[in-house]
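Listed below are the residues making up each chain.
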Amino acid sequence: TWYEFIESTEDDSELDNYNLIERQNQGVVTHMLGEAVMPELARVVMHAANASSAGVTSLFDLFCCGGGFSLGASEALPDLEYVDGVDKDRIVLRNYAHNVPKAFAKAKVEAHERAAPISLKELRSLAQGKGRKKLGVGTHVHLSPPCQRFVNSKPSERRQAMREMAPYLQLMVDGVREGMTCSLEEHKDVRNVALDWLAEQDEATRSLLFVYSVTARDYGAPTTRERCVVTSFALEGEEDVNPAHV
């Protein structure tokens, strides 16, 4: 009830997605809620992340859109100290910056209009550039890369989108090795991409990530669509399909 929608302006008209957003009720409903899946899923993910570690104190929400994951995280962990949303979509990021700080009583909330980091080095640069302490225990990194190219796309675009998953999976692995917790939510087909990538890694790396196929309606959405979720910890009630954990 307190989420206010900030409309796009003529200054945004040069953006590639301006016309699309104008036709979608400013596009923020879909972006903010992740098609009604993300907030409930975020609550589950963040509770599990917190329980699997010494406690989560900060969140990097990469590809944050209008803030669906961050809003769900605020319900699970309202006392986070730092929240950073990153998205190159100016219009939805404006809504993130306006609304998400209201969800946290204590956190310093920042929003960055830029492409999401695709390596631990880039993430560390982003964090240190804003005077943050070193990344490590207490940091959770969530990634929600755009899934549009997995749907109604040309085969070449789909293959490219699949190839682009590898750096995100590597970022998660590198983060876990430095004590962070990590999660990724994507199109259902990323399940096989993640499993194929893990199969190419050494035994120690394969054991670091959990791979799930989740159904949207189980997380409050009026749809049966499936999504892939990859985490660095177990999700209660979901079946991990990573053979390394069998």
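Conventions used here
- Residues numbered from 1 in each chain as written.
- Predicted model: local features only at pLDDT ≥ 70, side-chain atom pairs only at ≥ 80, totals over all residues.
- Heavy atoms only, no water.
- Buried < 20%, exposed > 50% of the residue type's maximum accessible area, 1.4 Å probe, protein only.
- Helix = DSSP H or I, 4+ residues; strand = E, 2+ residues; numbered from the N terminus.
- Salt bridge = Lys/Arg side-chain N within 4 Å of Asp/Glu carboxyl O.

> Tell me about helix H4 (residues 68-76), residues and numbers included.
Most of H4 is tucked away, with eight of its nine residues classed as buried. Buried residues of H4: Gly68, Phe69, Ser70, Leu71, Gly72, Ala73, Ser74 and Ala76, and no others.

> Give a detailed account of the pattern of salt bridges, specifying residues and quantitative values.
Taken as a whole and judged by the stated rule, the model has seven salt bridges. Ionic pairing is found between Glu40 and Arg43, a salt bridge with its closest N-O pair at 2.5 Å. Placement of both Glu40 and Arg43 in helix H3 (residues 38-52) is noted, with a separation of three residues, approximately one turn of the helix. Among the ionic pairs, Arg227 bridges to Glu185, the shortest N-O distance being 2.5 Å. Taken as a pair, Arg227 in strand S7 (residues 226-231) and Glu185 in strand S5 (residues 181-187) lie far apart in primary sequence, 42 residues in all. As far as burial versus exposure is concerned, Arg227 and Glu185 are alike and both buried. Taken together, the shared-partner salt bridges connect Glu40, Arg43 and Glu75 into one network.

> Account for unusual backbone geometry, with residues named and values stated.
The backbone phi angle of Phe63 is positive, close to 60°, even though this residue is not glycine. Judged by relative accessible area, Phe63 falls into the buried class, the value being 15%. In this structure, Cys65 is a non-glycine residue whose phi angle is positive, near 50°. Along the chain, the position of Cys65 falls in the loop between strand S1 (58-62) and H4.

Everything listed here is a matter of geometry and, on its own, says nothing about what the molecule does.
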